[in-house]
Amino acid sequence: QVQLVESGGGLVQAGGSLRLSCAASGRTFSSYAMGWFRQAPGKEREFVATIRWSGGSTSYADSVKGRFTISRDNAENTVYLQMNSLKPEDTAVYYCAARPLRTSTNRYDYGLWGQGTQVTVSS
C-alpha cells in the first residue's frame, strides 16, 4: 500500500512560482501512475496533471499547460509539480493521487490520495 504526503504549498504573488512535492511511502511506488488534482472553494476537484509510472508520459489540463510541469523521482519515491506563472485562479488545495500503472485524468480512477496542500495566489 502507498501512502502520500504533499508539501510545498503556500502564498505567492501572481506571476510567481511554487514547487509541490508528494512523498510516497511503500515499496511499490514505481508501479503507480501519479496525478495532481486541485479543489477551489465551492468547486469540484479537478484534474491538473498526471505522469506514468515510468515518467515517460505526461498529461496536463489545458488551464495549466505550458505553466506547470509534473515529474517524478522513483528513487526518492517523490512526485513533483513545478508551477510557474501562477495566477489567482490557481488558488486551491492541491492533492496528489496514485493509481496502478496507467495514467488517468479522471479523479474517480484514483484510489489513493494525500491530505492536500493549500496554494494561494494573490493578485
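Counting restarts for each chain, with residues numbered from 1 along the sequence as it is written. Reporting of local features is limited, given that this is a predicted model, to residues whose pLDDT is at least 70; pairs of side-chain atoms are given and counted only at 80 or more, and all residues count toward the totals for whole chains, interfaces and linings. Only heavy atoms go into the side-chain values, all of them from the structure, while hydrogens and water stay out.

**Student:** Help me understand the state of the cysteines, please; the structure alone is not making it clear to me.
**Tutor:** Cysteine pairs can be linked by a disulfide, which is a covalent bond between their two sulfur atoms. In plain terms, two cysteine sulfur atoms within 2.5 Å form what is called a disulfide here. In this structure the tally under the stated criterion is 1 disulfide. Between the sulfur atoms of C22 and its disulfide mate C96 the distance is 2.0 Å. Looking down the S-S bond of the C22 and C96 bridge, the torsion is 45°, so its handedness is right-handed. Here the residue C22 occupies a position in strand β3 (residues 18-25), and C96 occupies one in strand β9 (residues 92-100), the gap between them amounting to 74 residues. A 1.4 Å probe rolled over the protein chains alone gives each residue an accessible area, and that area as a share of the maximum for its type sets the label: buried under 20%, exposed over 50%, partly exposed in between. Its relative accessible area of 0% is what places C22 among the buried residues. By relative accessible area, C96 is classed as buried at 0%. Put simply, DSSP H or I for four residues or longer makes a helix, DSSP E for two residues or longer makes a strand, and each gets a number counted from the N terminus.

**Student:** Mind showing me how you'd approach the side chain of D90 here?
**Tutor:** By the element assignment, D90 lies in the loop between β8 (78-83) and β9. Polar contacts involving the side chain of D90 include one to the side chain of R67, which spans 2.8 Å. Here a polar contact is taken to be a pair of N or O atoms separated by no more than 3.5 Å, where protein atoms must pair a possible hydrogen donor with a possible acceptor and residues adjacent in sequence count only if both atoms sit in side chains.

**Student:** Before we go on, may I ask you to explain the side chain of S21 in this structure?
**Tutor:** By secondary structure assignment, the location of S21 is in strand β3. The class of S21 is buried, set by a relative accessible area of 16%. Setting aside residues no more than four positions away along its own chain, S21 makes contact with V5, E6, S7, W36, T78, V79 and Y80. By the convention used here, residues are in contact when the closest approach between their heavy atoms is within 4.5 Å.

**Student:** Would you mind going over the pattern of salt bridges with me for this structure?
**Tutor:** Side-chain pairs of opposite charge can arise whenever the charged atoms involved come near each other. When a carboxyl oxygen of Asp or Glu lies within 4 Å of a side-chain nitrogen of Lys or Arg, that pair is called a salt bridge. For the coordinates displayed, the defined rule picks out 5 salt bridges. Of the charged contacts in the structure, one is a salt bridge between D62 and K65, with a shortest N-O distance of 3.1 Å. Relative accessible area serves as the criterion here: at 66%, D62 is assigned to the exposed category. When salt bridges that share partners are traced, they join R38, E46, R67 and D90 into one network.

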